[in-house]
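# A closer look at the structure
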Amino acid sequence: MSEPVQAPQISTDVKYETIARFPDYVEAQALVDQLSDKEFDVSTVKIVGEGLRSEEFVTGRMTKGRAALAGLGSGAWFGLFIGILFGLFAPGFGLLSIILWSVVIGAIWGAIFGFVAHLATGGKRDFKSLKTMAADTYLVQVQASRANEAMSVLGR
């Protein structure tokens, strides 16, 4: 029998040295992957984002109709889940019928809740968006006691 996997212990007392600086996360990730490919102990590495900012990308207009349609979709999925769950424990009533009615009822209630929720904003947020976090630079740092070894492994 295998031993249970434990989460790594992260200490704030450990000193780190920066071995590389990149303008985007993908390059920092690629460097850590190089270290891993060369069998360096990457549990001593961290990627640090500097100059963090929140970015919100507006993806479109939100109307009462679109809010109701989005609610309809999520309500239908929830109804499907509930219908399958009930259908498994009530075999005498017909699985397909239970699922179908659950989807329909879930869609109706989802549409109502989506419409009412958007209406409750009072027009203060009539758009859809995606929020992300980004950084100006990404540092690859290695525990100070292993930094020279990491640089050597990378041939720097």
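Residues numbered from 1 in each chain as written. Predicted model: local features only at pLDDT ≥ 70, side-chain atom pairs only at ≥ 80, totals over all residues. Heavy atoms only, no water.

## Here we look at the overall build of the protein chain
Secondary structure summary: the protein chain contains four helices and five strands in total. Counted from the first residue to the last, the protein chain has its helices and strands arranged as β-α-β-β-α-α-β-β-α. Over its C-alpha trace the protein chain gives a radius of gyration of 26 Å, far above what one expects of a compact globule, namely 15 Å for 156 residues. Projected onto the principal axes, the alpha-carbon positions of the protein chain cover approximately 65 × 50 × 25 Å. For the protein chain, the proportion of its 156 residues judged to be buried stands at 26%. Contacts in the protein chain between residues at least 24 apart in sequence constitute 83% of all its contacts with a sequence separation of at least 6. In the protein chain, 14 positive and 15 negative side-chain charges are present, and the distance between their average locations comes to 14 Å. (Helix = DSSP H or I, 4+ residues; strand = E, 2+ residues; numbered from the N terminus. Rg over C-alpha atoms; globule rule 2.2 N^0.38 Å. Buried < 20%, exposed > 50% of the residue type's maximum accessible area, 1.4 Å probe, protein only. Contact = heavy atoms within 4.5 Å. Lys, Arg positive; Asp, Glu negative; His and termini not counted. Charge placed at Lys NZ, Arg CZ, Asp CG, Glu CD.)

## Quick look at the nonpolar core
I19, L31, L35, V45 and V140 are the most contacted members of the largest nonpolar core, which has 16 residues in total. Within the residue set of this core, elements represented by two or more residues are β1 (16-22), α1 (25-37), β5 (137-143) and α4 (147-154). Residue contributions to this core peak at four residues, all from α1. Contact partners of L35, with chain neighbours within four places excluded, come to I19, F40, V42, V45, A150, V153 and L154. (Core = buried A, V, L, I, M, F, W, Y, C linked by side-chain atoms within 4.5 Å.)

## Quick word on a positive patch on the surface
Taken together, the side chains of R61, K64, R66 and K128 present a region of like positive charge at the surface. Secondary-structure assignment places R66 in helix α2 (residues 64-89). In this structure R66 comes out as partly exposed when scored by relative accessible area, which is 44%. (Patch = residues over 30% accessible without salt bridge, like charges linked within 9 Å, V, L, I, M, F, W, Y side chains within 5 Å. Areas by Shrake-Rupley, 256 points an atom, 1.4 Å probe, with all protein chains shown as cover. Salt bridge = Lys/Arg side-chain N within 4 Å of Asp/Glu carboxyl O.)

## Re the side chain of H118
Tracing the sequence through the fold places H118 in helix α3 (residues 95-120). If near-sequence neighbours (up to four positions away) are discounted, H118 is found in contact with M62, T63, K64, A67, R125 and D126.

## What to know about α2
The first and last C-alpha atoms of α2 sit 37 Å apart over 26 residues, in line with the 38 Å expected at 1.5 Å per residue. Buried residues in α2 make contact with α3. (Expected span 1.5 Å × (residues − 1).)

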